Amino acid sequence: MLPHDEPALGSPGLYIDGNWVHPAGGGTRQIHDPADGTVIAVVGEADRADAVRAVAAARAAFDEGRWAATTSEERAALLVRLAGLLAVHRDELARIETLDTGKTLRESLLDIDDVIAVFRYYAHLVTTDADRLVDTGNPAVISRVVHEPVGVCALIAPWNYPLLQMSWKIAPALAAGCTMVMKPSEVTPLSTLALVRLLDRAGVPPGVVNLVQGDGAVVGPALTETPDVDLISFTGGPATGAAIARGAAANVTRVTLELGGKNPHIVFADADYDSAVDAVLTGAFLHSGQVCSAGTRLIVHASIAEAFVAELVRRAALIRVGPGTDPSSQTGPLVSPEHRAKVEAYVALGISEGAVLVAGGGRPADPRLADGSYYLPTILDHCRRDMRIVQEETFGPILTVERFETEAEAVALGNDTSYGLAAGVRTGDPARGERVVRALRHGTVWLNDFGTYTPGAEWGGFGRSGNGRELGPSGLAEYRETKHIWHNTAPAVGGWFAE
Ligand code: TXE
C-alpha cells in the first residue's frame, strides 16, 4: 500500500535500517495540496538525531558489504524489479505527485515513466560496463582499472520533480553498490515515501536505503557535514548548494550539485515559426516555470520580435491554469503561497527595472482557484541583460524578452549568465545551428527542440549551475571510485637499493 492510501493519511517519515520509524522527537509536518491549500497528509518530521541514526545505518550497511559485495547482476535485478513495481503503481504514484506538487497528471505520468526508464537504464549500464585493461608494455604485468562504490551517499532532492530528481540519484547509487540516506524536500515528500515502500518490497537489504523526512536546515548538516558520508548529491537552490559545498569541504566529501539555471532560448529569424512559438511557450510555462531548465529568457531576432511576442502574448492568455487533477488544466499552481510571493516580487522587480508587462502579471480571476497558489503565465518585454529579472532564476511562469541583431550578439546574450544549465537555439540554417550550439556555455543545448532529455545522455551545468553530471555513464561514475590494480605476475628484484 502506498502512503497516500493509508487511512491515517500519514507516514512515520523515517525509514532506517529496513524499518519505518517515528522521529525521536515526535515531530510531524502537514503536507498541503498547492491547488487548494488543503492538508493531504501528515508525516513524521525528523530532527538532527534521526538523521545521525540514518547515516549510521547506511554506514554500517556499507561497511558490512550488505550491498557493495553483491554482483552488478544482483543489483541490476533489484533495479529491474523496482521498475516493474513502479510500472504497476504508475497511476497511484502520478496522483501522489500531482497532489503534492500541483503539476498536471499528464506531467506526473511522464515523470513516472521517466523514473521507470532511469532505473532500467542503470540496470542495463551496470551489467555491460566492464573493467579496463591497460597495456603497460610489460607482459608480466596485468594492469586493471576497476570501479567500486564510493560509499555512503546523502541524496538531497527538491520539490519541483520530487520522484524524478531522487531517481536520477538513487538509481546510479544503487547500481554502483552504494548505501544511502535520501532526503526529499520537506514540502513534497510523498512520492519518495512511496518509492521506499516499493524498494522495500523489491527486496533492498536493510540499511542500504534510508529516508529522512525533515527540514533541510535542521537535518541537512547531519547528512552533509559528517565524515561518515562519502558523497553528497544535491539538487536545489544555489545558496543551499554553496552552503553544502562549504560544509562538505571540511571532510573533503565529494559533492555533486545541480543548482538550476537561467536558460536562454534563442530564436533566429529563419526558424520554423509555429514550432518556435510552441516551444517557447512550453519551455517557459510548463509546470508554471518551476523547472531548472525552463527557457525563461527569450532572445529573439529584432526583425521578427514584434510579431513573435504578439503571438506569444495571444497564446499565453489561452493557457488553461487550474488544478493538476483536472484533465482540462494545462498547467497547475506554484508549489506554495511562499513561493508565489517570491514570483510576484520578481514581476514587480522586473517592472521597476523597466521591463514592459505584456501578458499575465497576476493571479487568475477565477474564484474557484482562489485558495490555490496560482499565477498567470507572464511575459515581460523590452528587457535588458543587466536586469535582475533577466539574470536571476525566478522559478515561476515568467518569460523575459530581449532582442538581438547579429549571431555574435545572440551568443553573447546567451552566455551572459552566471548559470549554464540549458539553452535552446532555433534556426533553419544547420551551419549556424552548429556554430551557435558549440559556442553556448551550457550543459544541455537543444537545437530546434526544448526541454527533452534521455537517461543515456548526461545532465548538469556549467558555471554556477553546479558541478558533476547526472544521467548517462557520467551519472554512474559519480557514485564510483576508480581503482587501478597493478598485478605483477613475475615478481623480481628491482635493485634500486642494491647493496
Ligand atoms: O531550495 P532549497 P528552495 C531554486 C529555485 C528556488 C530556489 C529556492 O530558484 O526558488 O532554488 O528553493 C534541502 N542542508 N531551485 O528554498 O532550500 C531542502 O530541504 C542540506 C532550483 O526550496 O535549496 C530540499 O530538500 N539540505 C532547483 C533541498 O535542499 C538542505 C529546484 C532543496 O531546497 C539544506 C528547487 C541544508 N542546509 C529550487 N537546506 C533545481 N536545481 O532544479 C535546505 N535543504
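Residues numbered from 1 in each chain as written. Predicted model: local features only at pLDDT ≥ 70, side-chain atom pairs only at ≥ 80, totals over all residues. Heavy atoms only, no water.

A. Region of the structure containing the overall build of the chain. Broken down by element type, the chain carries 15 helices and 21 strands. For a compact globule of 499 residues, the expected C-alpha radius of gyration is about 23 Å, and the chain comes in at 24 Å, within 12% of that figure. Taking the principal axes of its C-alpha atoms as reference, the chain extends roughly 85 × 60 × 40 Å. Buried residues in the chain amount to 56% of all 499 residues. (Helix = DSSP H or I, 4+ residues; strand = E, 2+ residues; numbered from the N terminus. Rg over C-alpha atoms; globule rule 2.2 N^0.38 Å. Buried < 20%, exposed > 50% of the residue type's maximum accessible area, 1.4 Å probe, protein only.)

B. Representation of the UniProt feature "domain: Aldehyde dehydrogenase" (unreviewed entry) in the chain. Per the UniProt record, "domain: Aldehyde dehydrogenase" (unreviewed entry) is annotated on residues 20-485. Annotated as 41% helix and 19% strand, the span residues 20-485 places its first and last C-alpha atoms 41 Å apart. (UniProt positions renumbered as here; feature names shortened; annotations may be inferred.)

C. Main features of the pairing of strand 4 (residues 28-32). Relative to strand 5 (residues 39-44), strand 4 runs antiparallel, the two sharing 5 bridges. The residue bridging R29 from the neighbouring strand is V43, located in strand 5. Connecting strand 4 to the antiparallel partner strand 5 that follows it, the hairpin turn spans 6 residues, and G37 within it adopts a positive phi of roughly 80°. (Pairing = 2+ DSSP bridges.)

D. View of the pairing of strand 7 (residues 141-149). For strand 6 (residues 132-134) and strand 7, the ladder comprises 3 bridges, and the chain directions are antiparallel. Counterpart to L133 in the pairing with strand 7 is R144. The sheet contact formed by strand 7 and strand 21 (residues 480-488) spans 9 bridges and is antiparallel. For R144, the partnering residue across the bridge sits in strand 21 and is I485.

E. Structural context of the packing of helix 3 (residues 90-101) against helix 6 (residues 190-202). Where helix 3 contacts helix 6, the axes come no closer than 8 Å and their chain directions differ by 155°. It follows that helix 3 is roughly antiparallel to helix 6 by the angle criterion. Along the contact surface, helix 3 presents L93, I96, E97 and D100, while helix 6 presents L190, S191, A194 and L198. (Axes fitted to C-alpha atoms, helices over the stretch in contact; angles between N-to-C directions. Parallel < 35°, antiparallel > 145°, perpendicular 65-115°, else oblique. Contact = heavy atoms within 4.5 Å.)

F. Here's a closer look at the pattern of salt bridges. The final tally for this structure, using the stated rule, is 26 salt bridges. Ionic pairing is found between D230 and R59, a salt bridge with its closest N-O pair at 2.9 Å. Of the two residues, D230 sits in the loop between helix 7 (216-224) and strand 11 (231-235) while R59 sits in helix 1 (residues 48-63), which places them 171 residues apart along the sequence. A relative accessible area of 16% means that R59 is categorised as buried. A network of salt bridges, in which partner residues are shared, links D270, E407, R432 and R435. (Salt bridge = Lys/Arg side-chain N within 4 Å of Asp/Glu carboxyl O.)

G. Inspection of the sheet that holds strand 16 (residues 378-381) at higher detail. The strand order 15-16-17-14-13-18-19 describes an open sheet built from 7 strands, whose pairing is mixed. With partners counted over all chains shown, the strands left at the sheet margins are strand 15 (356-359) and strand 19 (444-447), one partner each. Averaged over all pairs of adjacent strands, the angle between strand axes in this sheet comes to 25°, irrespective of strand direction. Two strands pair when backbone bridges link them, and strand 13 (residues 264-267) and strand 18 (residues 422-426) are joined in this way by 3 bridges, in the parallel orientation. The partner of I266 across the bridge, within strand 18, is V425. Here helix 10 (residues 302-316) sits on the sheet and contacts strand 13, strand 14 (297-301), strand 15, strand 16 and strand 17 (398-404); the angle it forms with strand 14, its principal contact strand, is near 135°.

H. Region of the structure containing the packing of aromatic side chains. For the structure on display, the rule yields 10 aromatic pairs. Judged by centre distance (5.6 Å) and plane angle (90°), the ring pair of Y273 and F308 falls under edge-to-face. Within this pair, whereas Y273 is found in helix 9 (residues 273-285), its partner F308 is found in helix 10, the two being separated by 35 residues in sequence. Members of the aromatic cluster, connected to one another through ring pairs, are W168, W446, F450, Y453 and W459. (Phe/Tyr/Trp six-rings, centres within 6.5 Å; stacked < 30°, edge-to-face > 60°.)

I. Structural detail: the site of the ligand. Surveying the vicinity of the ligand reveals 26 residues, the closest of which are A157, W159, E186, K342 and E393. Here an oxygen atom of the ligand and a backbone polar atom of A157 are 2.7 Å apart. K342 is positioned with one of its side-chain polar atoms (N or O) 2.4 Å from an oxygen atom of the ligand. Protein burial of the ligand: of its 820 Å² of free accessible surface, 84% is covered by the chains. (Near = heavy atom within 4 Å. Polar contact = N/O pair within 3.5 Å; in protein donor to acceptor, adjacent residues only side chain to side chain. Areas by Shrake-Rupley, 256 points an atom, 1.4 Å probe, with all protein chains shown as cover.)

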